[in-house]
Amino acid sequence: MSDSLKTSKPEFRNIHITDIARYRLPLAGILSILHRASGALMFVLLPFILLLLDKSLMSEISFEYFKGVVSHWFVKLIILALCWAYMHHLCAGIRHLFMDIHFGLNKEQAKKSAAVVLAISLPLTALVALKLFGVF
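What this report covers is the structure whose coordinates are included nearby. Please read all numbers here as calculations on a predicted model, not as lab measurements.

Within the secondary structure, Ser-62 sits in helix H2 (residues 60–70). Polar side-chain contacts of Ser-62 include one of 3.0 Å to the backbone oxygen of Ser-59.

What follows concerns the packing of helix H1 (residues 27–56) against H2. Working note: a packed helix pair is described by the angle between its axes plus the distance between those axes. Viewed as axis vectors pointing N to C, H1 and H2 meet at an angle of 135 degrees, and their least axial separation amounts to 7 Å. Classified by the angle between their axes, H1 and H2 sit oblique to one another. From H1, Leu-52, Lys-55 and Ser-56 reach across to H2, where they touch Ser-62, Phe-63 and Phe-66. A per-class count over the contact of H1 with H2 returns three nonpolar, two polar and one charged.

So, on to the nonpolar core. Counting residues in hydrophobic clusters, the biggest one holds five residues: Leu-31, Cys-91, Ala-92, Ala-114 and Val-117. Elements represented by at least two residues in this core include exactly helix H3 (73–100) and helix H4 (107–132).

In this section: the side chain of Thr-125. As for its placement among the helices and strands, Thr-125 is situated in helix H4. In this structure Thr-125 comes out as buried when scored by relative accessible area, which is 9%. Only 2.8 Å separates the side chain of Thr-125 from the backbone oxygen of Ser-121, close enough to count as a polar contact. In this structure, Thr-125 is in contact with Leu-80, Trp-84 and Met-87, ignoring residues within four places of it in sequence.

A few words now on the environment of Glu-64. Within the fold, Glu-64 resides in helix H2. By relative accessible area, which is 48% here, Glu-64 ends up partly exposed.

For the rest of this paragraph, the subject is the packing of H3 against H4. The contact between H3 and H4 brings their axes to 9 Å, and the two run at 150 degrees. Between H3 and H4, the crossing angle belongs to the class labelled roughly antiparallel. Crossing of H3 against H4: the hand is right-handed. Partitioned by chemical class, the residues of the contact of H3 with H4 number 17 nonpolar, four polar and two charged.

Here is what the cut-offs are and how they apply
Residues numbered from 1 in each chain as written. Predicted model: local features only at pLDDT ≥ 70, side-chain atom pairs only at ≥ 80, totals over all residues. Heavy atoms only, no water. Helix = DSSP H or I, 4+ residues; strand = E, 2+ residues; numbered from the N terminus. Polar contact = N/O pair within 3.5 Å; in protein donor to acceptor, adjacent residues only side chain to side chain. Axes fitted to C-alpha atoms, helices over the stretch in contact; angles between N-to-C directions. Parallel < 35°, antiparallel > 145°, perpendicular 65-115°, else oblique. Contact = heavy atoms within 4.5 Å. Nonpolar A, V, L, I, M, F, W, Y, C, P; charged D, E, K, R; others polar. Core = buried A, V, L, I, M, F, W, Y, C linked by side-chain atoms within 4.5 Å. Buried < 20%, exposed > 50% of the residue type's maximum accessible area, 1.4 Å probe, protein only. Left-handed = near helix turned anticlockwise from the far one by under 90°.

Next comes the structure, spelled out in C-alpha cells:
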C-alpha cells in the first residue's frame with residue numbers, strides 16, 4: 001500500500017477474548033455488566049425457585065424436607081447469590097431510572113452513582129448473609 005493512501009486516523013479494533021484480562025473498564029461499565037449478570041441469574045433461577053415454593057407449600061412434610069435442604073451451607077450460598085442478584089439489580093435499576101430522567105449522565109456523576117450502587121447493595125447483601133448463616 002502506498003504512503004499516500006495511509007491515513008493518520010487511529011485504528012479501533014474489537015476486543016478479542018484474550019484481551020479481556022488486560023482491558024480496564026470504568027466502574028460504571030463493571031456495574032453495567034453486573035446488572036446484566038444479576039438479571040440473567042434471577043431469570044434463570046426463577047422457575048426453580050417457584051417450583052421449590054410450590055412443592056414446599058403442598059404439605060407440612062414437604063415444608064420440613066425443604067427446610068432441611070435449605071440448611072445446607074452450599075444451598076445457603078446459592079440463596080445468598082440470588083439475594084445479591086436481587087439487591088444489586090434493584091439498586092442498579094433505580095440508578096438507571098435516574099439516568100432515564102437525565103440525572104447523572106456525565107462521567108463523574110456516573111462514576112459516583114455506580115459507587116453508590118455498590119456501597120448500598122453490598123452491605124445489604126452482607127446483612128442478608130449474616131442473617132442467613134445465623135450470626136443474628
